[in-house]
Amino acid sequence: MKKYAKILDDKTKRCIVLVNNEDINEAFIEEGFTLQEVEEAYDYNWYIKGYAPSKPQSLINEERVCELLRQLKNTDYVAAKIAEGAATKEEYAEIISNRQKWRDEINRLQASIH
């Protein structure tokens, strides 16, 4: 997207962007703002298009672990029902199987994070 931007770091091409192109006035142009193709990175910083860094794999893995932990938490009721005798393992076989897959994936991801 084209926005008025001023490069802050020539090496990384990180820039400051005017959110609304209609805010531009002579003072901004004198300060070095020009209309450029920019993109917002995963870290919410703006860069000249093509220079935005990719999200690190370790962060992607951490986010996935959080998602899997939420899924485990959301299905904890199954373990409680089985433990209390209110349900059988057979009734929840698919969820039990998924929970084990989620734990295995969590273990694999956590090993790669550390």
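Residues numbered from 1 in each chain as written. Predicted model: local features only at pLDDT ≥ 70, side-chain atom pairs only at ≥ 80, totals over all residues. Heavy atoms only, no water.

### Concerning the overall build of the protein chain
Here is step 1 of the chain: Within the protein chain, the regular secondary structure consists of four helices and four strands.
Here is step 2 of the chain: Going residue by residue from the N terminus, the α and β elements of the protein chain occur as β-β-α-β-β-α-α-α.
Here is step 3 of the chain: The C-alpha radius of gyration computed for the protein chain amounts to 24 Å, which surpasses the reference 13 Å derived for 114 residues by more than 25%, pointing to a less compact arrangement than a globule.
Here is step 4 of the chain: Each of the three principal axes of the protein chain carries a C-alpha extent, and together these read 75 × 30 × 15 Å.
Here is step 5 of the chain: Out of the 114 residues in the protein chain, the part that is buried amounts to 21%.
Here is step 6 of the chain: Counting contacts in the protein chain only where the partners sit at least 6 residues apart, residues at least 24 apart contribute 46% of the total.
Here is step 7 of the chain: Computed over 17 positive and 21 negative side-chain charges, the inter-centroid distance for the protein chain is 6 Å. (Helix = DSSP H or I, 4+ residues; strand = E, 2+ residues; numbered from the N terminus. Rg over C-alpha atoms; globule rule 2.2 N^0.38 Å. Buried < 20%, exposed > 50% of the residue type's maximum accessible area, 1.4 Å probe, protein only. Contact = heavy atoms within 4.5 Å. Lys, Arg positive; Asp, Glu negative; His and termini not counted. Charge placed at Lys NZ, Arg CZ, Asp CG, Glu CD.)

### Describing the pairing of strand β1 (residues 2-9)
Here is step 1 of the chain: In this sheet, strand β3 (residues 34-40) lies alongside β1 in antiparallel orientation, the contact comprising four bridges. From the neighbouring strand, Ala5 faces β3, where its bridge partner is Thr34.
Here is step 2 of the chain: Taking the residues between adjacent antiparallel strands as the criterion, β1 and strand β2 (residues 14-17) are bridged by four residues, where Lys13 takes a positive phi near 70°. (Pairing = 2+ DSSP bridges.)

### Points about helix α2 (residues 57-74)
Here is step 1 of the chain: Taking 1.5 Å of rise per residue, the 18 residues of α2 would be expected to cover 26 Å, and the 26 Å separating its terminal C-alpha atoms lies within 8% of that figure.
Here is step 2 of the chain: Buried residues of α2: Asn61, Val65, Leu68 and Leu72, and no others. For α2, the arc enclosing every buried residue in end-on projection is 70°, short of the 170-degree limit, so these residues lie on one face. Exposed and oriented more than 90 degrees from the buried face of α2 are Arg70, Lys73 and Asn74.
Here is step 3 of the chain: For α2, the elements touching its buried residues are α3 (76-83) and α4 (93-113). (Expected span 1.5 Å × (residues − 1). Arc of directions from axis to C-beta.)

### Quick look at the pattern of salt bridges
Here is step 1 of the chain: A complete count under the given rule lists six salt bridges for this structure.
Here is step 2 of the chain: A salt bridge links Asp76 to Arg99; the nearest nitrogen and oxygen atoms lie 3.2 Å apart. With a gap of 23 residues between them, Asp76 in helix α3 and Arg99 in helix α4 connect regions that are remote in the sequence.
Here is step 3 of the chain: Judged by relative accessible area, Asp76 falls into the partly exposed class, the value being 38%.
Here is step 4 of the chain: Through salt bridges with shared partners, a single ionic network connects Arg64, Glu67, Glu105 and Arg108. (Salt bridge = Lys/Arg side-chain N within 4 Å of Asp/Glu carboxyl O.)

### Some thoughts on the confidence of the model for the protein chain
Here is step 1 of the chain: Looking at the protein chain as a whole, the pLDDT averages 93, with 97% of positions reaching at least 70.
Here is step 2 of the chain: The weakest mean pLDDT in the protein chain belongs to helix α1 (residues 26-30) at 85; the strongest belongs to strand β4 (residues 46-48) at 98. (pLDDT = per-residue confidence, 0-100.)

### Thoughts on the nonpolar core
Here is step 1 of the chain: One finds Val65, Leu68, Leu72, Trp102, Ile106 and Leu109 forming the largest nonpolar core, which totals six residues.
Here is step 2 of the chain: Those elements that provide at least two residues to this core are α2 and α4.
Here is step 3 of the chain: Counting five residues, the second largest nonpolar core, distinct from the first, contains Ala5, Cys15, Val38 and Ile48. (Core = buried A, V, L, I, M, F, W, Y, C linked by side-chain atoms within 4.5 Å.)

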